[in-house]
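Chain and residue survey
So the chains spell out like this:
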Amino acid sequence: MTQDDKLEQLLIAGIQERKGRNITVVDMGHIESAAASKFIIAEGTSSTHVEAIADCVRDYLLEKEHIKPYNYDGYQASEWIVIDYGHILVHIFMPEARSRYRLEKLWSDAVIREIPDLD
């Protein structure tokens, strides 16, 4: 297992820890112009839930592997929070914002993988 694979699994586990839903991994590693090698996209049901998922991801990686994000943004409105782990960006959305920005469609030439919800 590569370091990228391990980081991806930890990020997904952090999202699932707070019941994040509709998780999608957008693998853009083969696209030279891509902003990152992967996006991990998920949804929360309210702005409070989006914040809780983002906090959990950050805390989970810090606790499990002592990994801090390079940066994060979006807590002001909490309809879309992005967490930057270098080559992997985590996007936590409210459903309406996710359908508005449609990141999966923006990178339609990427390899897209859906992660089943836990419940």
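From a predicted model like this one, the values you see are computed outputs, not experimental measurements.

**Description of unusual backbone geometry**
A positive phi angle, close to 65 degrees, is found at Lys19, a residue other than glycine. One can find Lys19 in the loop between helix 1 (3-17) and strand 1 (21-27). Classification of Lys19 by relative accessible area gives exposed; the value is 55%. Here His66, not a glycine, exhibits a phi torsion of approximately 55 degrees, which is positive. Topologically, His66 is positioned in the loop between helix 2 (47-65) and strand 3 (71-73). Overall, the relative accessible area of 67% leaves His66 in the exposed class.

**Focus on the side chain of Glu43**
Here Glu43 lies in strand 2 (residues 38-43). Reaching out from Glu43, the side chain makes a polar contact with the side chain of Asn22 at a distance of 3.0 Å. When residues no more than four places from it in sequence are discounted, the contact partners of Glu43 are Gly20, Arg21, Asn22, Ile53, Phe93, Pro95 and Arg98.

About the thresholds
- Residues numbered from 1 in each chain as written.
- Predicted model: local features only at pLDDT ≥ 70, side-chain atom pairs only at ≥ 80, totals over all residues.
- Heavy atoms only, no water.
- Helix = DSSP H or I, 4+ residues; strand = E, 2+ residues; numbered from the N terminus.
- Buried < 20%, exposed > 50% of the residue type's maximum accessible area, 1.4 Å probe, protein only.
- Polar contact = N/O pair within 3.5 Å; in protein donor to acceptor, adjacent residues only side chain to side chain.
- Contact = heavy atoms within 4.5 Å.

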